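Examination of the molecular architecture
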Amino acid sequence: MISLIFCGDLKYCPYLSRYTERLEKYNVDYRVLFWNRGNFELNYPDNYVYYDSPSAENLGKVHKMKDFIGFRKWIFQQLKKYPSDGLILLSTLTGILIFDKLKRYTGKYIFDIRDYSYENLAIFRKIEKNIIENSAFTTISSKGFKAFLPKHNYIIAHNFNRNEMIDRPTFIKRDMPLKLVWNGTIRFFDFQKKYIDALKNDSRFIMIYHGSGTDLETYKAYCKKNRIENVVFTGAYNNKDKFKLLANADILNNCYGGSDGDQLCYAISNRYYDGLIYHIPQLVEKKGYKASVTKKDGVGIALDATPSFADELYAYYMQIDSKQFDESCRISIEKVIEEDNFYIEKIDEFIQQYSA
């Protein structure tokens, strides 16, 4: 049996399905061990077992540490009660929390890294390095992570959904006003408002935000107070409707940063893959790994919200060569699929050790 472990709510672990699909294909028994940290009402199969102890994100450090220790103890109890042949550690923090238990699983676990965590701390880096070196293999969701991780032969695990692929996508250049579209959780207000200000009531652009989030009301209040009329909010949406929402998007707003976004400067967002899949040019901020990838692959532009931003963005869009842009997206997504195929092969190799 294999245990998949995640130290949080499963709504924040969409990549879990990449593993469970392969486990079910090879008829390997597995248990998913996670933390119902948000106190959600859950309806999962019997092999999904959770630590039922709510813990608010805004707790003080001492209280939060106690909660994580409680989850760690619970995991140890589960692994003792239901011995596992192998482990799949979903997130860096999951591995760090149970690092001392991993000695008996040397070469028998997958370490899946999806974010920058606490690599600024020397002790954290030392433990993380040991976990990486003793894993069957370690995955990273962005090559940008190599900037803060130890040297290693990492497997790339892209954050994209093959089920969203469409037949023969094409870039269609449209007339004004150009729709600059954000899809996903509405956050990063302090950073995004710079772009909103830069395009305020510019007749060449409409900014559209699809999604919900804790910052949504802040965005709305700011636009109302400042009489910004070319910003539209459509609210929460079902992911199955993403294609419809992006059908008329001219440019994807893939910019994030500020105090709550600097840790993401090494990452590649899901929105980046949306741009490749649907052939929509994307706007990214200049700081970070996304900027270099977007420029190198020719699938978008990196701009900061300077006084000349609106003119630069408009000029970029108008000079796009449709055929060349479509080819750039095609080449980029083929490269992603090739790396994703290799990732799946590595999962299968690991799983097949435990198949009947």
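Before any of the text, the structure's been laid out above.
Structural notes, computed from the coordinates.

Next up on the list: the overall build of the protein. Helix and strand counts for the protein come out as 11 helices and 13 strands. In terms of C-alpha radius of gyration, the protein reaches 22 Å, essentially the compact-globule figure of 21 Å for 356 residues. Along the first, second and third principal axes, the C-alpha atoms of the protein reach 65 × 45 × 40 Å. By residue count, 52% of the 356 residues in the protein fall in the buried class. Long-range contacts, defined as pairs at least 24 residues apart, comprise 70% of the intrachain contacts of the protein with a sequence gap of at least 6. Working note: accessible area of the protein is about 18000 Å², and carbon and sulfur atoms make up 49% of it. In the protein, 51 positive and 45 negative side-chain charges are present, and the distance between their average locations comes to 4 Å.

Along helix H10 (residues 309-318), the residues that are buried comprise Phe309, Ala310, Leu313, Tyr316 and Tyr317. Axial view of H10: buried residues confined to an arc of 130°, hence all on one face.

Here we take up the side chain of Asp215. With respect to the helices and strands, Asp215 occurs in the loop between strand E9 (205-210) and helix H6 (216-225). No salt bridge is formed by the buried Asp215, whose closest oppositely charged neighbour, Arg187, lies at an N-O distance of 6.5 Å. Each residue touching Asp215, except ones within four places of it in the same chain, is listed here: Ile186, Arg187, Phe188 and Phe189.

Moving on, we get to the pairing of strand E2 (residues 30-35). The element E2 is largely enclosed, with a buried count of six among its six residues. Burial along E2 is two-sided: the face carrying Tyr30, Val32 and Phe34 and the face carrying Arg31, Leu33 and Trp35 are both buried. The parallel pair strand E1 (residues 2-6) and E2 is bridged by helix H1 (residues 16-25), and the resulting crossover is right-handed. Bridge analysis of E2 against strand E3 (residues 48-51) gives four bridges, and the strand direction is parallel.

This part covers the packing of H1 against helix H11 (residues 322-352). Direction vectors running N to C along H1 and H11 enclose 50°, while the axes themselves pass 10 Å from each other. Considered as vectors, H1 and H11 are oriented oblique to each other. Seen from above, H1 lies across H11 with right-handed handedness. Across the interface between the two elements, Arg18, Tyr19, Arg22 and Leu23 from H1 touch Asp340, Tyr343, Ile344, Ile347, Asp348 and Ile351 from H11.

Glancing now at the sheet that holds strand E12 (residues 282-284). Taken in spatial order, the six strands line up as E10-E9-E8-E11-E12-E13 in an open sheet, and their pairing is parallel. Because the sheet does not close on itself, it has two edges, and the strands there are strand E10 (231-235) and strand E13 (300-302). Between one strand axis and the next, the sheet turns by 25° as a mean value, whatever way the strands run. Where E9 and E10 come together, four bridges link them in parallel fashion. Looking at the pairing, Ile208 lines up with Val232 of E10. Sitting on the sheet, helix H9 (residues 289-297) is in contact with E12 and E13, with an inclination near 145° to E12.

Among the structural elements, Ser91 can be located in the loop between strand E4 (86-90) and helix H3 (92-97). In contact with Ser91, other than residues within four places in its own chain, are Phe6, Cys7, Tyr15, Phe111 and Asp112.

Counting 86 residues, the largest nonpolar core has Phe71, Ile75, Tyr209, Leu283 and Leu313 as its most contacted members. Per element, the largest residue contribution to this core is six residues, and it comes from helix H2 (residues 61-81). The residues touching Tyr209, leaving out its near neighbours within four places in the chain, are Trp182, Ile186, Gln192, Ile196, Tyr219, Val231, Val232, Phe233, Thr234, Gly235 and Asn253.

Time to look at the packing of aromatic side chains. Counted by the stated rule, this structure contains 32 aromatic pairs. A centroid spacing of 5.6 Å and a plane angle of 20° characterise the contact between Tyr116 and Tyr266, whose relative ring orientation is stacked. Taken together, the residues span a long stretch of sequence, with Tyr116 in the loop between strand E5 (109-113) and helix H4 (122-133) and Tyr266 in the loop between strand E11 (251-253) and helix H8 (270-278) at a distance of 150 residues. Ring centres of Tyr272 and Tyr273 lie 5.5 Å apart, and the angle between their planes is 80°; on these two criteria the pair is classed as edge-to-face. As far as the burial class goes, Tyr272 and Tyr273 line up, both buried. An aromatic cluster is defined as three or more aromatic residues linked by ring pairs; in this entry it consists of Trp182, Phe188, Phe189, Tyr209, Tyr219, Tyr222, Phe233 and Tyr256. One Lys or Arg, Arg114, reaches over the ring of Tyr15 and ends 4.0 Å from the middle of that ring. Geometry around Trp182 places Arg271 over its ring, the cationic atom sitting 3.8 Å from the centre.

Quick look at unusual backbone geometry now. Residues Met176 and Pro177 are joined by a peptide bond in cis, for which omega reads -5°. With respect to the helices and strands, Pro177 occurs in the loop between strand E7 (155-156) and strand E8 (178-183). Unlike most non-glycine residues, Asn27 shows phi in positive territory, near 55°. Relative to the elements of secondary structure, Asn27 occurs in the loop between H1 and E2. Looking at Asn27, the relative accessible area reads 64%, which means it is exposed. Of note, Arg168 is a non-glycine position whose phi angle comes to about 45°, a positive value.

Rules used in this analysis
Residues numbered from 1 in each chain as written. Predicted model: local features only at pLDDT ≥ 70, side-chain atom pairs only at ≥ 80, totals over all residues. Heavy atoms only, no water. Helix = DSSP H or I, 4+ residues; strand = E, 2+ residues; numbered from the N terminus. Rg over C-alpha atoms; globule rule 2.2 N^0.38 Å. Buried < 20%, exposed > 50% of the residue type's maximum accessible area, 1.4 Å probe, protein only. Contact = heavy atoms within 4.5 Å. Areas by Shrake-Rupley, 256 points an atom, 1.4 Å probe, with all protein chains shown as cover. Lys, Arg positive; Asp, Glu negative; His and termini not counted. Charge placed at Lys NZ, Arg CZ, Asp CG, Glu CD. Arc of directions from axis to C-beta. Salt bridge = Lys/Arg side-chain N within 4 Å of Asp/Glu carboxyl O. Right-handed = clockwise from strand over helix to strand, strands pointing away. Pairing = 2+ DSSP bridges. Axes fitted to C-alpha atoms, helices over the stretch in contact; angles between N-to-C directions. Parallel < 35°, antiparallel > 145°, perpendicular 65-115°, else oblique. Left-handed = near helix turned anticlockwise from the far one by under 90°. Core = buried A, V, L, I, M, F, W, Y, C linked by side-chain atoms within 4.5 Å. Phe/Tyr/Trp six-rings, centres within 6.5 Å; stacked < 30°, edge-to-face > 60°. Lys NZ or Arg CZ within 6 Å of the ring centre and 35° of its normal.

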